[in-house]
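# Summary of the model geometry
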Amino acid sequence: MSKMQEDEISALLQDGLRQAAVPTPAADFDDRVRERLRRPEPWWQAFVMALRPIAAPAACSLAVTLALLIVMGLPKPAGSSSPGAQGMSNVALEPTDHAPSIDQELDRLDRDIPSLNGFRRKQHTGVREEDRQEPPILHRGTSYRRPDRDNRV
Amino acid sequence: MVTERAEVLPISALAEPVEDREEARQIALAQSGSEAAIGWLLARYRQRVVRLAAHIMRRPGDAEDAAQEAFVRAFRNLNSFRGKGKFYTWLYQIVVRVCLDYKRLARWDSEISMEAITEPLTGSDAGLRAVDSRLLVEALLDRISPPLRAMLVLRELEGLEYEEIGRVMQIPVGRVRWRLHAARAEFQKLLALAMKESENV
C-alpha cells in the first residue's frame, strides 16, 4: 500500500469515525461509578488484578519448563542417539553374514602392508594370553563395551 | 441508551499546559480520596472513554458498562499512576484492556456478510451517500479484529502519537507502526471488496 493510499484510507477512517454515532453516557453514570467505588472490592478480584501482570510470563515459563522436562526426560530409543548413529543403525539392518569375512579380509590387507609390520610384531609380543581371545565382532550400530571396563570399581 | 453524533474533540486537543497542571492537581486530590476531584476527572473523560469503548466494542449497549468498569478500575488503582506519562494514556490503557477483556466481546465474530456491508452503497442521493459512507466505514470496522480496531481508533479518532499508542497497547513503537499499516491494508482490502460487490449489485 502506497503512502497516498494510506493517507486516503486514514482520511476516510477519520471522517467515518468522527461522524459515527456514539452512545451518550446516562445521567447517572457518575453516581454509578461512585457507588461502585464505595463498595469494597472483592478480595478475589484484587488478587486476580495483582496476579495479572505475572500470570502470562509465569504460564509461558511453566509451559517451556514442562516441554523441556518431557523432551529431556524421555528415554532414548536404542541406537538413535544422533543422525550419524541412526545412519549406522540402518547399515546394521543389512544382512551381516559376510561381515566376518570382510574383517578377515581387512586384517589380511593390513598384514600385507609393509609399513604396518612393526605393529604386527608389537601385537605378537605385547598381547597377554587372556587378551588374545578374539574380540567380539563389532557390527555397526551395536554398542560394545570393553570387558576390562566391567571390572573397574 | 441515547445514541447520537457527539462533537467531542480528540484527546490530543486537550494537551494544553495549563489544563495539564490543573489535571495533575485534581489527580493528586483524587489519589487522596477527594470525591470532587473524582467528579472532575469523570466530567473530563466520561464522554471520551464511552466513545472509545463504543468504537472498540462496536456495541453501544456494552460501551457504557465497559466505560464504568474502566473508571472504577482506574480510580481504585489511581495511586499506581506516578505522573510520568499523560493521564489519558494510562486511562486509555485500562479502557482498552477492559474492552478487549469484556466477556461479552467473546461473542464478537467477523462473519458479517459482504451483502450487509454493500447494502448502504446503493443509494444515489449525495446526502444519502455521505450517510452511506459513514455506515460503510462502521460496517467495515466491524470486520476488523478488536485490537487492530482499537489502534485505528486511537490513531485516527483520538489523534494519539505512535509512542502514546504503544504505551496504551503496551507494545513497542515499531509494532504500532506495523500493526497500523496492517489494519489500514485490511481496511482497504475490505473496502475494495465492498466496492466490487456494490458494482455487481
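As the structure is a prediction and not an experimental result, all values here were calculated from the model.

Scanning chain B for helices and strands turns up nine helices and one strand. In sequence order, chain B lays out its α and β elements as β-α-α-α-α-α-α-α-α-α. Partitioning the contacts of chain B with sequence separation of at least 6, the portion at a separation of at least 24 is 70%. Total accessible area computed for chain B in this model is approximately 9600 Å², and 51% of it derives from carbon and sulfur atoms.

Residue and element names in this part refer to chain B. It is at 8 Å that the axes of helix 2 (residues 35-57) and helix 7 (residues 146-157) come closest, and there the two elements cross at 140 degrees. On the basis of their axis angle, the class for helix 2 and helix 7 is oblique. Crossing of helix 2 against helix 7: the hand is right-handed. Taken together, the residues of helix 7 that come into contact with helix 2 (itself represented by Arg51, Leu52, His55, Ile56 and Met57) are Pro146, Arg149, Ala150, Val153, Leu154 and Leu157. Each residue belonging to the contact of helix 2 with helix 7 can be placed in one class, and the counts come to eight nonpolar, one polar and two charged.

Once that is clear, we can look at the interface of chain A and chain B. Contacts between the two partners involve 33 residues from chain A, matched on the other side by 44 residues from chain B. Carbon and sulfur atoms make up 60% of the surface buried where chain A meets chain B, a total of about 4000 Å² over both sides. With its nearest N and O atoms 2.6 Å apart, the salt bridge here joins B:Glu69 to A:Arg36. Connecting chain A to chain B are ten residue pairs in polar contact (both at pLDDT 80 or more). Counting only elements with at least two residues in the side of chain A that touches chain B, the list comes to helix 1 (3-19), strand 1 (22-23), helix 2 (29-38) and helix 3 (43-73) of chain A. Considered class by class, the residues forming the side of chain A that touches chain B number 16 nonpolar, seven polar and ten charged.

Once that is clear, we can look at the nonpolar core. Residue and element names in this part refer to chain B. Ranked by internal contacts, the top residues of the largest apolar core, which has 65 residues, are Phe71, Phe87, Leu154 and Met169. For this core, the element with the highest residue contribution is helix 2, accounting for twelve residues. Both domain 1 (14-110) and domain 2 (112-201) contribute no fewer than three residues apiece to this core. Beyond its immediate stretch of four places on either side in the chain, Met169 contacts Val96, Pro147, Ala150, Met151 and Leu154.

This paragraph deals with the confidence of the model for chain A. Confidence in the prediction for chain A averages 71 pLDDT; 56% of positions are at 70 or higher. For chain A, the element scoring lowest by mean pLDDT is helix 4 (residues 83-92) of chain A, at 52; helix 2 of chain A scores highest, at 92.

With that settled, the discussion passes to helix 8 (residues 162-169) of chain B. All names here are of chain B. Most of helix 8 is tucked away, with six of its eight residues classed as buried. Every buried residue belonging to helix 8 is among Tyr162, Glu164, Ile165, Gly166, Val168 and Met169, and all of these are buried. Buried positions along helix 8 lie against helix 4 (87-101), helix 7 and helix 9 (173-200).

Turning next to the packing of helix 7 of chain B against helix 8 of chain B. Residue and element names in this part refer to chain B. Between helix 7 and helix 8, the least distance of the axes is 10 Å, while the angle of their chain directions is 140 degrees. Classified by the angle their axes make, helix 7 and helix 8 are oblique. The hand of the helix 7/helix 8 crossing is right-handed. Contacts from Pro147, Ala150, Met151, Leu154 and Arg155 in helix 7 reach Tyr162, Ile165, Val168 and Met169 in helix 8. For the contact of helix 7 with helix 8, the residue count by class is eight nonpolar, no polar and one charged.

Scoring rules and cut-offs
- Residues numbered from 1 in each chain as written.
- Chains lettered and ligands numbered in written order.
- Predicted model: local features only at pLDDT ≥ 70, side-chain atom pairs only at ≥ 80, totals over all residues.
- Heavy atoms only, no water.
- Helix = DSSP H or I, 4+ residues; strand = E, 2+ residues; numbered from the N terminus.
- Contact = heavy atoms within 4.5 Å.
- Areas by Shrake-Rupley, 256 points an atom, 1.4 Å probe, with all protein chains shown as cover.
- Axes fitted to C-alpha atoms, helices over the stretch in contact; angles between N-to-C directions.
- Parallel < 35°, antiparallel > 145°, perpendicular 65-115°, else oblique.
- Left-handed = near helix turned anticlockwise from the far one by under 90°.
- Nonpolar A, V, L, I, M, F, W, Y, C, P; charged D, E, K, R; others polar.
- Buried area = accessible area lost by both parts, 1.4 Å probe.
- Salt bridge = Lys/Arg side-chain N within 4 Å of Asp/Glu carboxyl O.
- Polar contact = N/O pair within 3.5 Å; in protein donor to acceptor, adjacent residues only side chain to side chain.
- Core = buried A, V, L, I, M, F, W, Y, C linked by side-chain atoms within 4.5 Å.
- Buried < 20%, exposed > 50% of the residue type's maximum accessible area, 1.4 Å probe, protein only.
- Domains from an automatic or database assignment.
- pLDDT = per-residue confidence, 0-100.

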